[in-house]
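Inside the fold
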Amino acid sequence: MAEEGIIISGSELPIKRPREEELEETMAENNNGGNDNGVSLVNNGEEEQQVNGLSAVIPGWFSEISPMWPGEAHSLKVEKILFQEKSKYQNVMVFQSATYGKVLVLDGVIQLTERDECAYQEMITHLPLSSIPNPKKVLVIGGGDGGVLREVARYSSVDQIDICEIDEMVVTVSKEFFPEVAVGYDDPRVNLHIGDGVAFLKAAPEGTYDAVIVDSSDPIGPAQELFEKPFFESVAKALRPGGVVCTQAESIWLHMHIIEDIVSNCRQIFKGSVNYAWTTVPTYPSGVIGFMLCSTSGPAVDFKNPVNPIDDAKDHGNAKRPLKFYNSEIHSAAFCLPSFAKRVIEPKAN
Ligand code: SPD
């Protein structure tokens, strides 16, 4: 029987769905006065910090506390805080960690680390782009750090790479502190638009893009609308027949209720293929992250069997380095779901 506040989300695992009021309570409890997600950013001081009576985990460590993953917090040892400022949209921070290189944090949530960013950026890009022949026009929504651009730039068939990032500070900070990620901006095919991705897509002429990649942060804060049905409708409209979208789609361990909603919306909107894939990223909550892959009606797309393999390409394009994470085997493996997730995501198959 489900406890109050616990919803069995169509699976045998008790997936906690934080109710609105629980989220608010958690945020209030963890509020450290400067961060909406209630993150404990702990100084390098000797004394254990107290945050509203709660122990601030371990001094000198960054702990990622958020109502999106209640009751747990991954921590990284901080060597030095390199940047911290509030942009128009969010808190932006960069710190040097002891074990993962430099880390980019938005509103208290890790977006990338130098050590494991390859896994996320390569997968969110190559899962969709290796699945269609000759992608030409690609749109990236979010992704202001430039890592997805770096990966899109590997495809010589691509002649236009548009990116719409809401927060200019993410772009400037990435260029300053993460040159190996922001190298994506050096490609002459890239057109950067600073603005709201939702509005950008609404205004895009119908059938413009071969692929849209939605590299968003989590659905609290500026990225919230990127997880909602009207946004997916705009994506479908902006894609050509048989065009593909790949969106950041959270963790099967933490967010099955969010994934269930995304899958249900996508099944209604995208009349081609609809698939969920996932991969490991050690510094993301629960150590995994998923991707929603869909195609519009038109030429069929089989995401599980890519027609445009990239991993044996000799030319690395403007990425200037070989792939670190992605390969054909990992592509196929990404679509293998644990049984509890399969029952929710692929109900017809069970
Ligand atoms: N929980 C954090 C998910 C962040 C996904 N976006 C990362 C941006 C990297 N380009």
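Let me sum up the structure you'll find in this document. (Residues numbered from 1 in each chain as written. Predicted model: local features only at pLDDT ≥ 70, side-chain atom pairs only at ≥ 80, totals over all residues. Heavy atoms only, no water.)

Here we come to the state of the cysteines. Cysteine pairs can be covalently joined through their sulfur atoms, and such a bond is termed a disulfide. Taken as a whole and judged by the stated rule, the model has zero disulfides. Take cysteine 246: it sits in no disulfide, and the sulfur closest to it among the cysteines is that of cysteine 294, at 8.8 Å. Here cysteine 246 falls in the buried class, since its relative accessible area comes to 0%. (Disulfide = S-S within 2.5 Å. Buried < 20%, exposed > 50% of the residue type's maximum accessible area, 1.4 Å probe, protein only.)

Here helix α4 (residues 168-177) has its buried residues at Met169, Val170, Val171, Val173, Ser174 and Phe177. Between a side-chain oxygen at the N-terminus of α4 and the backbone nitrogen of methionine 169 the separation is 3.1 Å; the capping residue is aspartate 167. (Helix = DSSP H or I, 4+ residues; strand = E, 2+ residues; numbered from the N terminus. Polar contact = N/O pair within 3.5 Å; in protein donor to acceptor, adjacent residues only side chain to side chain.)

In this section: the environment of threonine 113. With respect to the secondary-structure elements, threonine 113 resides in strand β10 (residues 109-113). Residues threonine 113 and phenylalanine 178, 65 residues apart in the sequence, show an inter-C-alpha distance of 9.2 Å. In this structure, threonine 113 is in contact with Tyr100, Lys102, Val103 and Thr283, ignoring residues within four places of it in sequence. Of note is the side chain of threonine 113, whose polar atom sits 2.7 Å from the side chain of aspartate 116. (Contact = heavy atoms within 4.5 Å.)

Quick look at the side chain of glutamate 151 now. Within the secondary structure, glutamate 151 is located in helix α3 (residues 147-152). Relative accessible area serves as the criterion here: at 0%, glutamate 151 is assigned to the buried category. A distance of 2.7 Å separates a polar atom in the side chain of glutamate 151 from a polar atom in the side chain of histidine 126. With near-sequence residues (within four places) excluded, glutamate 151 lies in contact with Gln121, Glu122, Thr125, His126, Arg321 and Leu323.

A few words now on the packing of aromatic side chains. The geometry of an aromatic ring pair comes down to the distance between the two centres and the angle between the two planes. This structure, assessed with the given rule, holds six aromatic pairs. Taken together, a centroid distance of 5.5 Å and an interplanar angle of 80° make the contact between tyrosine 120 and tyrosine 284 edge-to-face. A residue pair is termed long-range when its members are at least 10 positions apart, and tyrosine 120 in helix α2 (residues 117-129) and tyrosine 284 in the loop between β16 (274-280) and β17 (288-295) qualify at 164 residues. Neither tyrosine 120 nor tyrosine 284 differs from the other in exposure class; each is buried. Ring centres of tyrosine 120 and phenylalanine 291 lie 5.9 Å apart, and the angle between their planes is 40°; this geometry places the pair in the tilted category. Of the two residues, tyrosine 120 is situated in helix α2 and phenylalanine 291 in strand β17; the sequence distance between them amounts to 171 residues. A relative accessible area of 3% places tyrosine 120 in the buried class. The class for phenylalanine 291 is buried, based on a relative accessible area of 0%. Feature note: the residues Tyr120, Tyr284 and Phe291 constitute an aromatic cluster, connected by ring pairs. In this structure, arginine 115 is placed above the aromatic ring of tyrosine 100, and the distance from its NZ or CZ to the ring centre is 4.3 Å. Over the ring of tyrosine 185 we find lysine 175, and its NZ or CZ is 4.7 Å from the ring centre. (Phe/Tyr/Trp six-rings, centres within 6.5 Å; stacked < 30°, edge-to-face > 60°. Lys NZ or Arg CZ within 6 Å of the ring centre and 35° of its normal.)

The subject of this paragraph is the side chain of serine 251. Counting through the fold element by element, serine 251 comes out in the loop between β15 (239-248) and α8 (256-269). With relative accessibility at 1%, the residue serine 251 sits in the buried group. Here serine 286 takes part through its side chain, which lies 2.7 Å from a polar atom of the side chain of serine 251. If near-sequence neighbours (up to four positions away) are discounted, serine 251 is found in contact with Met256, Ile259, Tyr276, Pro285, Ser286 and Val288.

Within the open sheet, the seven strands sit side by side as β13-β12-β11-β14-β15-β17-β16. Their pairing is mixed. Looking at the sheet topology across the chains shown, the edges are occupied by β13 (190-194) and β16. In this sheet, adjacent strand axes meet at a mean angle of 15° when their direction is disregarded. Of the strand pairs in this sheet, β15 and β17 are connected by five bridges, and their pairing is antiparallel. Counted as the bridge partner of threonine 247 is methionine 292 from β17. The strands touched by helix α7 (residues 229-238) are β11 (137-142), β14 (209-215) and β15; relative to β15, the strand with the most contacts, the crossing angle is about 140°. Along the sheet, α8 contacts β16 and β17; its crossing angle with β17, the most-contacted strand, is approximately 10°. (Pairing = 2+ DSSP bridges. Axes fitted to C-alpha atoms, helices over the stretch in contact; angles between N-to-C directions.)

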